[in-house]
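Structural overview
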There are 2 protein chains.
Amino acid sequence: MEELERGLLMQPWVWLQLAENSLLAKASITKQGYALLISDLQQVWHEQADTLVVSQRAKELNKRLTAPPSAFLHHLEELLLPLFKDSAHQDAADPSHATFSCDRTAEALILRVQSELSGLPFNWQFHCTPASSSLVSQHLIRPLMGMSLALQCHGRELAALLRMKDLEIQGYQESGAVLSRSRLKTEPFEENSFLEQFMVEVSLLRIEFGQKKYPLMGTHTPPLSEVVSSGTARTIQRSAVLKKQTNKQKTKQKNQKAPATRLSDLFHLYF
Amino acid sequence: MEELERGLLMQPWVWLQLAENSLLAKASITKQGYALLISDLQQVWHEQADTLVVSQRAKELNKRLTAPPSAFLHHLEELLLPLFKDSAHQDAADPSHATFSCDRTAEALILRVQSELSGLPFNWQFHCTPASSSLVSQHLIRPLMGMSLALQCHGRELAALLRMKDLEIQGYQESGAVLSRSRLKTEPFEENSFLEQFMVEVSLLRIEFGQKKYPLMGTHTPPLSEVVSSGTARTIQRSAVLKKQTNKQKTKQKNQKAPATRLSDLFHLYF
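Chain A is annotated in an unreviewed UniProt entry as Non-homologous end-joining factor 1 from Phodopus roborovskii. UniProt's Subcellular location (unreviewed entry) comment on chain A is quoted here verbatim: "Nucleus". UniProt lists a comment for chain A under the heading Sequence similarities (unreviewed entry), and it reads "Belongs to the XRCC4-XLF family. XLF subfamily."

So, on to the sheet that holds strand β2 (residues 22-30) of chain B. Strand order in the open sheet made by the 7 strands is β1-β2-β3-β4-β7-β6-β5 (chain B), with antiparallel pairing throughout. The sheet is open, and its two borders are formed by β1 (14-17) and β5 (99-104) of chain B, each paired with just one other strand. Each adjacent strand pair in this sheet contributes to an overall mean axis angle of 30 degrees, direction not counted. Pairing of strand β3 (residues 33-39) of chain B with strand β4 (residues 44-50) of chain B, which is carried by 7 bridges, proceeds in the antiparallel orientation. Paired with G33 of chain B across the bridge in β4 of chain B is D50 of chain B. Running at roughly 110 degrees to β4 of chain B, helix α4 (residues 133-174) of chain A makes contact with β1, β2, β4 and β7 (120-130) of chain B of the sheet.

Moving on, we get to the sheet that holds strand β3 (residues 33-39) of chain A. Residues and elements named next belong to chain A. In spatial order, the strands read β1-β2-β3-β4-β7-β6-β5; together these 7 strands make up an open sheet with antiparallel pairing. Among the strands making up the open sheet, the edge pair consists of β1 (14-17) and β5 (99-104). Here the average twist between neighbouring strands, direction ignored, is 30 degrees. Of the strand pairs in this sheet, strand β2 (residues 22-30) and β3 are connected by 7 bridges, and their pairing is antiparallel. Of the residues in β3, the one forming a bridge with K26 is L37.

The next subject is unusual backbone geometry. Residue and element names in this part refer to chain B. Here the phi dihedral of L41 falls at roughly 70 degrees; this positive angle occurs in a residue that is not glycine. By secondary structure assignment, the location of L41 is in the loop between β3 and β4. Overall, L41 belongs to the buried group, its relative accessible area being 0%. One non-glycine residue, S118, adopts positive backbone phi at about 40 degrees.

Glancing now at the state of the cysteines. Enumeration according to the criterion identifies 0 disulfides over all chains in this entry. Cysteine C102 of chain A remains unbridged, with the sulfur of C128 of chain A as its closest cysteine sulfur at 9.3 Å. Classification of C102 of chain A as buried rests on a relative accessible area of 10%. For the unlinked cysteine C153 of chain B, the closest cysteine sulfur is that of C153 of chain A, found at 18 Å.

Our next topic: the UniProt feature "domain: XLF-like coiled-coil region" (unreviewed entry) in chain A. Taking the UniProt record as the reference, the feature "domain: XLF-like coiled-coil region" (unreviewed entry) is found at residues 133-180 of chain A. From the first C-alpha to the last, residues 133-180 of chain A spans 60 Å; its make-up is 88% helix and 0% strand.

Turning to the environment of P143 of chain B, a few remarks are in order. All names here are of chain B. Within the secondary structure, P143 sits in helix α4 (residues 133-174). What makes P143 buried here is its relative accessible area of 3%. Separated by 114 residues in the primary sequence, P143 and I29 have C-alpha atoms spaced 22 Å apart.

All names here are of chain B. Over its 42 residues, α4 extends 59 Å from the first C-alpha to the last, a length consistent with the 62 Å expected when each residue adds 1.5 Å. Along α4, the sharpest change in direction is near 30 degrees and occurs at I141; proline P143 comes one to four residues later. With respect to burial, α4 is a largely interior element, 32 of its 42 residues being buried. Once α4 ends, the next one or two residues include G176, with phi positive near 85 degrees.

Take the environment of S28 of chain B next. Looking at the element boundaries, S28 of chain B is found in strand β2. A sequence separation of 72 residues divides S28 of chain B from F100 of chain B, and the C-alpha atoms of the two residues are 17 Å apart.

About the cut-offs
- All residue numbers refer to position in the chain's written sequence, counted from 1.
- For this description, chains carry letters from A and ligands carry numbers from 1, given in the order in which they are written.
- A pLDDT threshold of at least 70 governs which residues receive local features in this predicted model, and a stricter bar of 80 or more applies before side-chain atom pairs are shown or counted, although totals over entire chains, interfaces and linings include all residues.
- For side-chain calculations, the full set of non-hydrogen atoms in the structure is used, while hydrogens and water are omitted.
- UniProt positions are given in the numbering used here, feature names are shortened, and annotations may be inferred rather than shown by experiment.
- DSSP calls a pair of strands paired once it identifies at least 2 bridges connecting them.
- Numbering of helices and strands runs from the N terminus, with a helix taken as a DSSP run of H or I at least four residues long and a strand as a DSSP run of E at least two residues long.
- Angles run from 0 to 180 degrees between N-to-C directions of axes, and those axes are lines fitted to C-alpha atoms, restricted for helices to the stretch in contact.
- Between two residues, a contact is recorded if the distance between any of their heavy atoms is within 4.5 Å.
- Residue burial is assigned from relative accessible area. The probe radius is 1.4 Å, only protein chains are included, and a residue is buried under 20% of its type maximum, exposed over 50%, and partly exposed in between.
- To count as a disulfide, a pair of cysteine sulfur atoms needs to be within 2.5 Å.
- Helix span, as expected, comes to 1.5 Å for every residue beyond the first.
- Bend is computed residue by residue as the angle between axes fitted to the seven residues ending at the residue and the seven residues starting at it.

Structure (structure tokens):
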């Protein structure tokens, strides 16, 4: 089963949009079995099944179908692959492929799949139990930390570029240059004020994911359509409160030097 | 115990630097008991203890000490608070406060504390077991996703500012302005090329955390000293390979338009 574990590590997470909700998922399927990880951001579930489990469950769920486990695994791969290959074009509810639904209890998540195999109805159930915290660390926590650190580094590089642009602009101004179109004039970049304002915005915003709202995922631009390819998460627009606070910040920028602010403070806001 | 759970949610994560390794941790201690979460990025551990557990364990570990559980809890709070209050100035190994060490098995993590209480030696052991995936989602996954989404949004805002700066610079140049100091001249910001180059850098870098190296946490600027206040994680410097690839990228930027790249691709790199 080591091959399955390695395979699962190589898979990216994608968002599965089911009729009733949406799930973050990754799967690895080989001739020897499958491994599946699923999360709704409230829990993380896992199933790893070998050929014995597959052929036994196939018998229980599909009395009229007789085939070797490898055939069932191949069919499951065909059903899941489109979802995991290009989640931007996934349509889990498309009957021509398969219908997915899931039931949840405190201790288990069952992902049901209905489709056809050689002209006969084919049913499958992935029986997932809560994932171990080592699996969660390996597949979610460490990648997310890597992502956050990389993005912090990215932000710092962009801020450095902005400071260089301001020096170039200052150079032109000192040589007596004047803009013919004054609307092109920008304010010098003040990282601290910018971050303060940004953190106010972030702290005020919410996103909806399925039926839930997660204040911790606040962001007001539409990144979710990029991050969450299925686009099931919706961002809520800036509130009037936010606009007011943003303006306050702008005034503050003019009147006084903002206190030191670091992006890492966001970690304390969120983390 | 609900109060403890709420309390734990309000606590930020901090890095505890122990003699042998470092741990990500958060704790909440009240008169009713304590709740503790610990991670070494390989697993997440949890203990929640009420006054009964506390007084029983206190008897086992400190035969000569007799005090009500609230006194032990208060002392534990005094020992832990400095670590969680300002992890930049924490010194877990300082004998004047307390000595921390931990033992790990597959199924448990024991965090040992040695100090003094009213002139007598005081020993404590936090007996942590693997945290449930719902606790991990609540305290790590959702905050980290929120952090990543906020940082993506932050990067987009900085990129928008850079485009405005370039328009202003173009305005000066069109009015015939020339820089007296040519070293101030910058290249126009090309987001796709910048992201491509950034992702090459990130994918090549590693950070060390305790004894482990985590490629998934690649970043080459020193953000960890900000993010990981205890500064126990060390970034590895850019390799010659990286420099070479970075130059390749720069040439590429000049010779051809880079294909569309999105920050969300980083999610597939990592996630």
